[in-house]
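Now for the letters of each chain:
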Amino acid sequence: MKLIASLTSPFARKVRVVLLEKKIECQLEVANPWLPEASQQVPNPLGKVPVLVLDDGSVLYDSRVIVDYLDHISPVSRLLPKETRPLAVVKRIEALADGVLDAAINIFLEYKRPAGERNTAWMQRQMEKVVRGLEALAQDLGDKNWMYGTSYSLADIAVGCALGWLKLRFPDLTWPQDHPNLAALYEKLGQRSSFADTLPPSS
Ligand code: GSF
């Protein structure tokens, strides 16, 4: 198996953390999806990473499909509940964390445009999604130790990767002060080797 990923992609980090937690061997091929030649390297018609290439050459994307697949192929460290309702809640939290990222990445990309060409109303709309999404995640966590139930799950991994990317790209956001429970979860996750070993490079 081979994972095609960029080292700064929070979605790819989610997959890399899952691979490490589940002790699944997988080759990593680093790709920058924004380069013109990426269409040859990234076997996803949408041009996005991560992509998992299976041993028979077939491909899986996006990150939610990949992590689901990985959790099913190995019984080591189950990250998804088996029962329908708990599974739906964990996947809903993952969708929320990914959605916060989608909105924040939209803002990040808009910042790359010259100041006069930025759509500030649209950026504001995206920032509202980030703020509301973080509020909802903090509410989901409450005073529990983990995002769902009483044990570590994919919900924690998704939230940890989203918070890590926000820390890297938007260090001035005040979510650690506004939501101390999320800050504490983030600290705790950072002590796991799966998170420490997948820290994104600063550029
Ligand atoms: C999102 C992947 C994505 O946006 C998933 O796999 O969960 N829903 C998908 N990947 C970005 C890199 S990053 O910002 O994580 C990507 O590959 N963008 C290239 C493009 O052309 O949009």
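Conventions adopted
- Residues numbered from 1 in each chain as written.
- Predicted model: local features only at pLDDT ≥ 70, side-chain atom pairs only at ≥ 80, totals over all residues.
- Heavy atoms only, no water.
- Axes fitted to C-alpha atoms, helices over the stretch in contact; angles between N-to-C directions.
- Helix = DSSP H or I, 4+ residues; strand = E, 2+ residues; numbered from the N terminus.
- Parallel < 35°, antiparallel > 145°, perpendicular 65-115°, else oblique.
- Contact = heavy atoms within 4.5 Å.
- Nonpolar A, V, L, I, M, F, W, Y, C, P; charged D, E, K, R; others polar.
- Near = heavy atom within 4 Å.
- Polar contact = N/O pair within 3.5 Å; in protein donor to acceptor, adjacent residues only side chain to side chain.
- Areas by Shrake-Rupley, 256 points an atom, 1.4 Å probe, with all protein chains shown as cover.
- Salt bridge = Lys/Arg side-chain N within 4 Å of Asp/Glu carboxyl O.
- Buried < 20%, exposed > 50% of the residue type's maximum accessible area, 1.4 Å probe, protein only.
- Phe/Tyr/Trp six-rings, centres within 6.5 Å; stacked < 30°, edge-to-face > 60°.
- Lys NZ or Arg CZ within 6 Å of the ring centre and 35° of its normal.
- Core = buried A, V, L, I, M, F, W, Y, C linked by side-chain atoms within 4.5 Å.
- Pairing = 2+ DSSP bridges.

1. Section: the packing of helix α1 (residues 10-21) against helix α3 (residues 63-73)
Then comes step 1: α3 packs onto α1 with a crossing angle of 5° between their chain directions and a minimal axis gap of 9 Å. Comparing their axes, α3 and α1 come out roughly parallel. Seen from α1, the contacting residues are Phe11, Lys14, Val15, Val18 and Leu19; seen from α3, they are Ser63, Arg64, Ile66, Val67 and Leu70.
Then comes step 2: Here the residues of the contact of α1 with α3 are counted per class, giving 7 nonpolar, 1 polar and 2 charged.

2. Concerning the site of the ligand
Then comes step 1: Every residue lining the ligand is accounted for by Ser9, Pro10, Phe11, Pro33, Trp34, Gly47, Lys48, Val49, Pro50, Asp62, Ser63 and Ile105.
Then comes step 2: At 2.6 Å from an oxygen atom of the ligand is found a side-chain nitrogen or oxygen belonging to Ser9.
Then comes step 3: Ser63 places a side-chain nitrogen or oxygen 2.5 Å from an oxygen atom of the ligand.
Then comes step 4: For the ligand, whose unbound accessible area comes to 530 Å², protein coverage reaches 83%.
Then comes step 5: Per-class residue counts for the shell around the ligand are 7 nonpolar, 3 polar and 2 charged.

3. Quick look at the pattern of salt bridges
Then comes step 1: One pass over the full model with this rule turns up 10 salt bridges.
Then comes step 2: For Glu21, the salt bridge goes to Arg192, with nearest N and O atoms at 3.0 Å. In this pair, Glu21 sits in helix α1 while Arg192 sits in the loop between α8 (180-190) and α9 (193-196), placing the two residues 171 residues apart along the sequence.
Then comes step 3: Taking the relative accessible area as the measure of exposure, Arg192 reaches 26% and is therefore partly exposed.
Then comes step 4: The closest approach of N and O atoms between Glu110 and Arg113, which form a salt bridge, is 3.3 Å.
Then comes step 5: Classification of Glu110 as buried rests on a relative accessible area of 10%.
Then comes step 6: Take Arg113: its relative accessible area is 38%, and that puts it in the partly exposed class.

4. What to know about the packing of aromatic side chains
Then comes step 1: Applying the stated criterion across every chain, the model contains 4 aromatic pairs.
Then comes step 2: Measuring from centroid to centroid gives 5.6 Å for Phe108 and Trp165, while their planes differ by 80°, and the two rings are edge-to-face. Taken together, the positions of Phe108 in helix α4 (residues 84-111) and Trp165 in helix α6 (residues 154-169) put the pair 57 residues apart, joining distant regions of the chain.
Then comes step 3: Overall, the relative accessible area of 5% leaves Trp165 in the buried class.
Then comes step 4: An aromatic cluster is built from Phe108, Trp165 and Phe170, whose rings are joined through pairwise contacts.
Then comes step 5: Between the NZ or CZ atom of Lys188 and the centre of the ring of Trp146, over which it lies, the distance is 4.3 Å.

5. Concerning the nonpolar core
Then comes step 1: If you look at the biggest cluster of nonpolar residues, it comprises 53 residues, and the most contacted ones within it are Leu134, Ile157, Val159 and Leu182.
Then comes step 2: Counting residues per element, the ones that place at least two in this core are β1 (2-5), α1, α3, α4, α5 (120-141), α6 and α8.
Then comes step 3: Among the elements that make up this core, the one with the highest residue count is α6 (10 residues).
Then comes step 4: Once residues within four sequence positions are removed from consideration, Val159 is found in contact with Ile93, Ala97, Leu137, Met147, Leu182 and Leu185.

6. Observations concerning the side chain of Ser153
Then comes step 1: Mapped onto the secondary structure, Ser153 falls in the loop between α5 and α6.
Then comes step 2: Not counting residues up to four positions away in its chain, the partners in contact with Ser153 are Leu79, Val90 and Tyr148.

7. Examining the sheet that holds β1
Then comes step 1: Here 4 strands make up an open sheet; going across it, the order is β2-β1-β3-β4 and the pairing mixed. The open sheet has two edge strands, β2 (27-30) and β4 (59-60), and neither has a second partner.
Then comes step 2: Where strand β3 (residues 51-53) meets β4, 2 bridges bridge the pair, whose relative direction is antiparallel. From the neighbouring strand, Val53 faces β4, where its bridge partner is Val59.
Then comes step 3: The sheet strands contacting α1 are β1 and β2, and the helix crosses β1 at an angle near 150°.
Then comes step 4: Sheet contacts for α3: β3 and β4; angle to β3, the most-contacted strand, approximately 45°.

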